[in-house]
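Given next are the chains, with one letter for each unit.
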Amino acid sequence: MKAIKSLLVILFVVSFFSCKDNTKLEDTNITKEVSTYYFIRHAEKDRSNPDNVDPELIQKGLGRAMHWAEIFDDVELDAIYSTDFLRSSMTAAPTSVKKNIDVKYYNFEDINVNQFKKDHVNQNILIVGHSDTTPEFANQLLEEDKYSIMEDYDNGSLFIVQITNGVATSQRLHINCNCPD
């Protein structure tokens, strides 16, 4: 009987310290840092004047911009970035208004990606760009050459880059817009 009591005491002590060790491990876990970047290309632009380097959106593009605002309605955004072209800023505008977030303008050539990552730790960022800058910016955040230049007619791709504790993952979705022409 004495041996059984001793065994029970030992099991209790081992269980107690075992649970306590697990608690310590949980208490020392590093806080998760998650940053999510949503990249879209500007919506459909006016192509009637090939010499116009800064065209506005056509009706279908305006509809797509409104559609993007609906898509991002349930996403908590901390910032919205756009290039300083009419087609990009017009694409960002409905989401900006709906979220009450001022658009920040950027020049892709001037972006320091490492600083951009540091500035937006634990944030959700929408970035509106172009067929070449959108996949390239995503690639730079991923630190790999995963995405190529978008086709000229592709105004519906959504690139999502998520960086969790320094590890980047991504996905590319295509959002169809049945917007009127």
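Everything here concerns the structure above.
Residues numbered from 1 in each chain as written. Predicted model: local features only at pLDDT ≥ 70, side-chain atom pairs only at ≥ 80, totals over all residues. Heavy atoms only, no water.

Draft legend 1. Here's a closer look at helix α3 (residues 86-99). Helix length check: α3 (14 residues) gives 20 Å between terminal C-alpha atoms against 20 Å at 1.5 Å per residue, within 8%. Ala93 marks where α3 bends most, by close to 35 degrees; the proline Pro94 follows one to four residues later. Burial in α3 covers these residues: Arg87, Ser88, Ser89, Thr91, Ala92, Pro94, Thr95 and Ser96. In the core, the buried residues of α3 are packed alongside β1 (34-41), α2 (59-71), β2 (79-82), β3 (103-105) and β4 (124-129). Just downstream of α3, Asn100 is the residue with a positive phi angle, here 55 degrees. (Helix = DSSP H or I, 4+ residues; strand = E, 2+ residues; numbered from the N terminus. Expected span 1.5 Å × (residues − 1). Bend = angle between axes of the 7 residues up to and from the residue. Buried < 20%, exposed > 50% of the residue type's maximum accessible area, 1.4 Å probe, protein only. Contact = heavy atoms within 4.5 Å.)

Draft legend 2. Up close: the packing of aromatic side chains. Tallied over the full model, the rule gives 10 aromatic pairs. Grouped by ring-pair contacts, the aromatic residues Tyr37, Phe39, Tyr81, Tyr106, Phe108, Phe116 and Phe137 constitute a single cluster. (Phe/Tyr/Trp six-rings, centres within 6.5 Å; stacked < 30°, edge-to-face > 60°.)

Draft legend 3. A look at the side chain of Asp154. Residue placement: Asp154 occurs in the loop between α5 (133-142) and β5 (157-164). We classify Asp154 as buried; its relative accessible area is 8%. At 3.1 Å, the side chain of Asp154 and the backbone nitrogen of Gly156 are in polar contact. Not counting residues up to four positions away in its chain, the partners in contact with Asp154 are Arg41, Arg172 and His174. (Polar contact = N/O pair within 3.5 Å; in protein donor to acceptor, adjacent residues only side chain to side chain.)

Draft legend 4. The arrangement of unusual backbone geometry in detail. In this structure, Glu143 takes a positive phi of about 60 degrees despite not being glycine. On the secondary structure map, Glu143 appears in the loop between α5 and β5. The exposure class assigned to Glu143 is exposed, which follows from its relative accessible area of 61%. Phi at Asn165 is positive, roughly 50 degrees, even though this residue is not glycine. Structurally, the position occupied by Asn165 is in the loop between β5 and β6 (167-174).

Draft legend 5. The pattern of salt bridges, seen in detail. One pass over the structure, following the stated rule, counts seven salt bridges. Of the charged contacts in the structure, one is a salt bridge between Arg41 and Asp152, with a shortest N-O distance of 3.3 Å. Linking Arg41 in strand β1 with Asp152 in the loop between α5 and β5, this pair joins segments that are 111 residues apart in sequence. Connected through shared salt-bridge partners, Arg41, Arg47 and Asp152 make up one network. (Salt bridge = Lys/Arg side-chain N within 4 Å of Asp/Glu carboxyl O.)

Honestly, that's just the spatial picture; any functional story needs more than this.
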